[in-house]
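Below are the chains, spelled out letter by letter.
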Amino acid sequence: MPVEVPAKRTLNTTRSNNIITILEGSNSTRKNDHYIVSAHYDSISQNPEKKAPGAVDNASGAAAVIEMARLMAINRPQSTVVFIFYTGEEQGYHGSKRYVNEALANETSEAIRLAIILDMIGCRDPGRPFSLTLESEKKFESLFRPFQTARQVPIA
């Protein structure tokens, strides 16, 4: 899926692609339910010669998506899983916005049951032994309640 991404170091726009693969569900009655597992694969640095934060933001999330895809290919879920690597996240969520807009235009958004977006999972605040941010629409808050209860994690 091509995405136009404004380049920070030039006045030009560059073309980059979202990378999408679909693992069709094994259950014929549930394979039309889509669960998205995603991360962004771009990185940005104000000083790329001295600081390259891409290993944490967001190679860690991308690696987790690859591992989840590998494991789910072995143990195929009943529902369909869409694995997405978004581009242009650092420049304004261009890849994810493009995916959502196309899903809405193609009327495939109704099939999406849940989206898990992994970002900076390799980053930890040394002052806090456990740090997790869960973001959700209010109507899905109950799905995350067990996490909040277990670890006193605020839901954003």
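About the cut-offs
Residues numbered from 1 in each chain as written. Predicted model: local features only at pLDDT ≥ 70, side-chain atom pairs only at ≥ 80, totals over all residues. Heavy atoms only, no water. Core = buried A, V, L, I, M, F, W, Y, C linked by side-chain atoms within 4.5 Å. Buried < 20%, exposed > 50% of the residue type's maximum accessible area, 1.4 Å probe, protein only. Helix = DSSP H or I, 4+ residues; strand = E, 2+ residues; numbered from the N terminus. Contact = heavy atoms within 4.5 Å. Phe/Tyr/Trp six-rings, centres within 6.5 Å; stacked < 30°, edge-to-face > 60°. Pairing = 2+ DSSP bridges. Axes fitted to C-alpha atoms, helices over the stretch in contact; angles between N-to-C directions.

### Structural notes on the nonpolar core
No. 1: Residues Leu23, Val37, Ala39, Ala62, Ala64, Val65, Val81, Phe83, Phe85 and Leu118 constitute the largest nonpolar core, which totals ten residues.
No. 2: Counting only elements with at least two residues in this core, the list comes to strand S4 (34-40), helix H1 (59-74) and strand S5 (80-86).
No. 3: With near-sequence residues (within four places) excluded, Phe85 lies in contact with Asn17, Asn18, Ile19, Ala39, Tyr41, Ala62, Val65 and Ile66.
No. 4: One finds Ile36, Ile84, Tyr86 and Tyr99 within the second-largest nonpolar core, a separate group that totals five residues.

### Some thoughts on the packing of aromatic side chains
No. 1: Evaluation of the coordinates by the stated rule reveals one aromatic pair.
No. 2: Judged by centre distance (6.4 Å) and plane angle (65°), the ring pair of Tyr86 and Tyr99 falls under edge-to-face. Placement of the pair is Tyr86 in strand S5 and Tyr99 in helix H2 (residues 94-105), with a sequence separation of 13 residues.
No. 3: On the accessibility criterion, Tyr86 (8% relative accessible area) is buried.
No. 4: Residue classification places Tyr99 among the buried positions, given a relative accessible area of 13%.

### Overview of the sheet that holds strand S6 (residues 112-117)
No. 1: Reading across the sheet, the four strands line up as S3-S5-S4-S6 and stay open at both edges, with mixed pairing between neighbours. Strands at the two margins of the open sheet, each flanked by one partner only, are strand S3 (19-23) and S6. Across the sheet, the axes of successive neighbouring strands diverge by a mean angle of 15°, strand direction being ignored.
No. 2: In this structure, S4 lies alongside S5, joined through seven bridges in parallel fashion. Looking at S5, one finds that Val37 is bridged to Phe83.
No. 3: Sheet contacts for H1: S3, S4 and S5; angle to S5, the most-contacted strand, approximately 155°.
No. 4: Where H2 meets the sheet, it contacts S3, S4, S5 and S6, and its direction lies at approximately 140° from that of S5.

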